[in-house]
Protein chains: 2
Amino acid sequence: MSDGVRAFVPGHVTGFFTVDRDDDPTKAGSRGGGIALSDGVSMTVEPAPETTVTLDGETIEMAAVEHVLSTLRADARVTAETPLPLGAGFGVSGAMALGTALATNAALDRGLSYNELVTIAHGAEVKAGTGLGDVVAQARGGVPLRLEPGGPQHNYVDAVPDWTRVEYYTLGELSTPDVVGGDTEALTTAGERALSMVVEEPTLDSFTRASRQFSREAGLLTESVRDVVTTVTEAGGDAAMAMLGETVFAVGTGLTDAGYDARSSAVYPAGATLDT
Amino acid sequence: MSDGVRAFVPGHVTGFFTVDRDDDPTKAGSRGGGIALSDGVSMTVEPAPETTVTLDGETIEMAAVEHVLSTLRADARVTAETPLPLGAGFGVSGAMALGTALATNAALDRGLSYNELVTIAHGAEVKAGTGLGDVVAQARGGVPLRLEPGGPQHNYVDAVPDWTRVEYYTLGELSTPDVVGGDTEALTTAGERALSMVVEEPTLDSFTRASRQFSREAGLLTESVRDVVTTVTEAGGDAAMAMLGETVFAVGTGLTDAGYDARSSAVYPAGATLDT
């Protein structure tokens, strides 16, 4: 019998993004588009004398979670489970930061609002260098289009009005800090172009097309991901690469139709919540 | 076999609000707080030679729905069902306006974004005079705090981070146009005070307390609603009046604990969606 507080945060595959730096981590972040997934992170937070973080039974270090707990002046046992792979473009670290913020606020009666907690988790992810836009997207749900960077006080988020089946297939990991920490000018230009395409035509078709174009223009498309995307296209489907991981996502049944043993999920309509 | 598009929009009980007029209906609206409910409106929109609107099997006139269809240059058969009573403070007309916007956009490939559709539905409700803030709240879900009035391009929405059981009990109807169309200075002052209380302490307890205070200060509390609220309080619960209807809502099981045959619902975490 645990008196911990439980949270659920959707996963988030990013299709395209920009890097918008700022000295203030609540203003820094990224613009871009992604899909919140019904596969997400389920977690429990219990106040404890010392902070420990467990993901799928393994003790891990996760800077974003530690930053959140330190901002909330808390030590806690954070226990998380997810069907999503870490480091493969699903926003697992963002989910853990956001879930920790929501659950710790409730467990310790910190009296903060939803947006304040999102701001804390977003700033923690940015400081940790593990993500720029996942937290904001995971706080909203759906198919968010982040038109301005930063936390809720600074950004502007719209969405593609579609809630359909989504499949994904992971080949391996990519390091977010390695990509985001380097020269990102070309990446940002490609991200702006992709975002404009989807703003012009806010559908999942154009979202997938823009994501494909972004992965090429930003120079992030790996050979193995390109092979899968091509195979899906040849089978009549539509797929693109998830940022940042060696992961392919497809709207509808594109991956299974092409013969891949893909995991089936769906657009998750809500943002992060506590289980009550 | 119908080729209509189906939408679900949560109900919304308003606890307190202001009236913020503007010549531009996308800037007009209200600030305030409410609860999105898992009881909502399920609807189907099918393009048709002539517009008809049916709610729970009865043909009705609903100006907000007609404004939405006219903005989208569409005629449609709109069929809606809901467990919520009309005119009793649950945002049924806002739900129908928003659901019509989302479903018509999909049925006729209008290519608009989520926020654009919310803006159209919000403007339609404001023009119809049947609501000021429900649409924006129903587009978000949760326990929205509308800190700035208007549609998504102009407003700022935060939320109480709680997702719990909610009960409601309806005694009768109140006319939104009658209240909102009159002198609203005292009401707006009371609404601002209530909103400040909940911003200061964003919990469902303070939300219910602020709602109770608002209904008294705005002079909207009816005798029969007051009796129910008092009975719930005496039984150890916590309840307040829903704006604008002769409806009492309670967090948790306050109404059934006090012996009322109340309907049980829950905070609905997501905004309006299409069924896919």
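Details of the structure are given in the entry above.
So, a few notes on the structure that sits alongside this text.

About the cut-offs
- Residues numbered from 1 in each chain as written.
- Chains lettered and ligands numbered in written order.
- Predicted model: local features only at pLDDT ≥ 70, side-chain atom pairs only at ≥ 80, totals over all residues.
- Helix = DSSP H or I, 4+ residues; strand = E, 2+ residues; numbered from the N terminus.
- Rg over C-alpha atoms; globule rule 2.2 N^0.38 Å.
- Buried ≥ 20, exposed ≤ 12 C-beta atoms within 10 Å, placed from the backbone.
- Contact = placed C-beta atoms within 7 Å.
- Axes fitted to C-alpha atoms, helices over the stretch in contact; angles between N-to-C directions.
- Left-handed = near helix turned anticlockwise from the far one by under 90°.
- Nonpolar A, V, L, I, M, F, W, Y, C, P; charged D, E, K, R; others polar.
- Pairing = 2+ DSSP bridges.
- Least-squares fit on C-alpha atoms with pLDDT ≥ 70 in both.
- Parallel < 35°, antiparallel > 145°, perpendicular 65-115°, else oblique.

With respect to the overall build of chain A
Thinking step 1. Scanning chain A from terminus to terminus reveals 9 helices and 12 strands.
Thinking step 2. The C-alpha atoms of chain A give 18 Å as radius of gyration, which agrees with the globular expectation for 276 residues (19 Å, within 12%).
Thinking step 3. Counting only C-alpha atoms, chain A reaches 55 × 40 × 30 Å along its principal axes.
Thinking step 4. Across the 276 residues of chain A, 58% fall into the buried class.
Thinking step 5. Contacts spanning at least 24 positions in sequence make up 74% of the contacts within chain A whose residues lie at least 6 apart.

Observations regarding the packing of helix α2 (residues 92–107) of chain A against helix α3 (residues 114–128) of chain A
Residues and elements named next belong to chain A.
Thinking step 1. Contact geometry of α2 with α3 gives a least axis separation of 9 Å together with a crossing angle of 140 degrees. Between α2 and α3 lies a crossing of right-handed hand. Packed against α2, whose contacting residues are Ser93, Gly94, Ala97, Leu98, Ala101, Leu102 and Asn105, the element α3 presents Leu117, Val118, Ile120, Ala121, Ala124 and Glu125 at the interface.
Thinking step 2. Of the residues contributing to the contact of α2 with α3, the split by class is 9 nonpolar, 3 polar and 1 charged.

Thoughts on the sheet that holds strand β8 (residues 165–173) of chain A
Residues and elements named next belong to chain A.
Thinking step 1. The 4 strands are arranged β9-β10-β8-β11 in an open sheet whose pairing can be described as antiparallel. In this open sheet, the two strands that pair with only one neighbour each are β9 (239–242) and β11 (263–266). Neighbour-to-neighbour, the strand axes of the sheet open up by a mean angle of 35 degrees, direction not taken into account.
Thinking step 2. Note that β8 and strand β10 (residues 245–251) share 7 bridges and pair antiparallel. Considered in β10, the bridge of Tyr169 is made with Val248.
Thinking step 3. Along the sheet, helix α7 (residues 204–217) makes contact with β9 and β10, crossing β9 at roughly 55 degrees.

Describing the relation of the copies chain A and chain B
Thinking step 1. Mapping chain A onto chain B calls for a screw motion: a turn of 180 degrees about the axis and a shift of 0.0 Å along it, with 0.0 Å RMSD after fitting. Accordingly, the operation relating the two chain copies is best matched by a two-fold axis. Of every C-alpha in chain A, the one belonging to Ala270 of chain A sits nearest the axis of rotation, 2.1 Å from it.
Thinking step 2. Taken together, the interface assignments show that 96% of the residues at the interface of chain A recur at the interface of chain B, consistent with an identical surface on both copies.

Quick notes on helix α1 (residues 63–71) of chain B
Residues and elements named next belong to chain B.
Thinking step 1. Residues Ala64, Val65, His67, Val68 and Leu69 constitute the buried set of α1.
Thinking step 2. Here the buried face of α1 lies against β3 (52–55), β5 (76–81), α2 (92–107) and α3 (114–128).
Thinking step 3. At the C-terminal side of α1, Arg73 shows a positive phi close to 45 degrees.

What to know about the packing of helix α6 (residues 185–200) of chain B against helix α7 (residues 204–217) of chain B
For any two helices packed against each other, one specifies the crossing angle of their axes together with the interaxial distance.
Residue and element names in this part refer to chain B.
Thinking step 1. Closest axis-to-axis distance for the α6/α7 pair is 9 Å, and the angle between their directions is 170 degrees. With respect to α7, the element α6 is oriented roughly antiparallel. Regarding α6 and α7, the two cross each other, and that crossing is right-handed. Contacts between α6 and α7 pair Ala190, Gly191, Ala194, Met197 and Val198 from the former with Ser206, Phe207, Ala210, Ser211, Gln213, Phe214 and Glu217 from the latter.
Thinking step 2. For the contact of α6 with α7, the per-class residue count stands at 7 nonpolar, 4 polar and 1 charged.

Quick look at the sheet that holds strand β8 (residues 165–173) of chain B
All names here are of chain B.
Thinking step 1. With respect to topology, 4 strands assemble into an open sheet ordered β9-β10-β8-β11, the strand pairing being antiparallel. Pairing within the sheet leaves two strands with one partner each, and these edge strands are β9 (239–242) and β11 (263–266). The average undirected angle you get between the axes of adjacent strands in this sheet is 35 degrees.

Observations concerning the environment of Ala97 of chain B
Residues and elements named next belong to chain B.
Thinking step 1. If you trace the backbone, Ala97 turns up in helix α2.
Thinking step 2. Ala97 sits in the buried class, given 34 other C-beta atoms within 10 Å.
Thinking step 3. Note: C-alpha distance between Ala97 and Leu117 (20 residues apart in sequence) is 9.7 Å.
Thinking step 4. Setting aside its immediate chain neighbours within four residues, Ala97 contacts Ala64, Val65, Val68, Ala121, Ala124, Glu125 and Val135.

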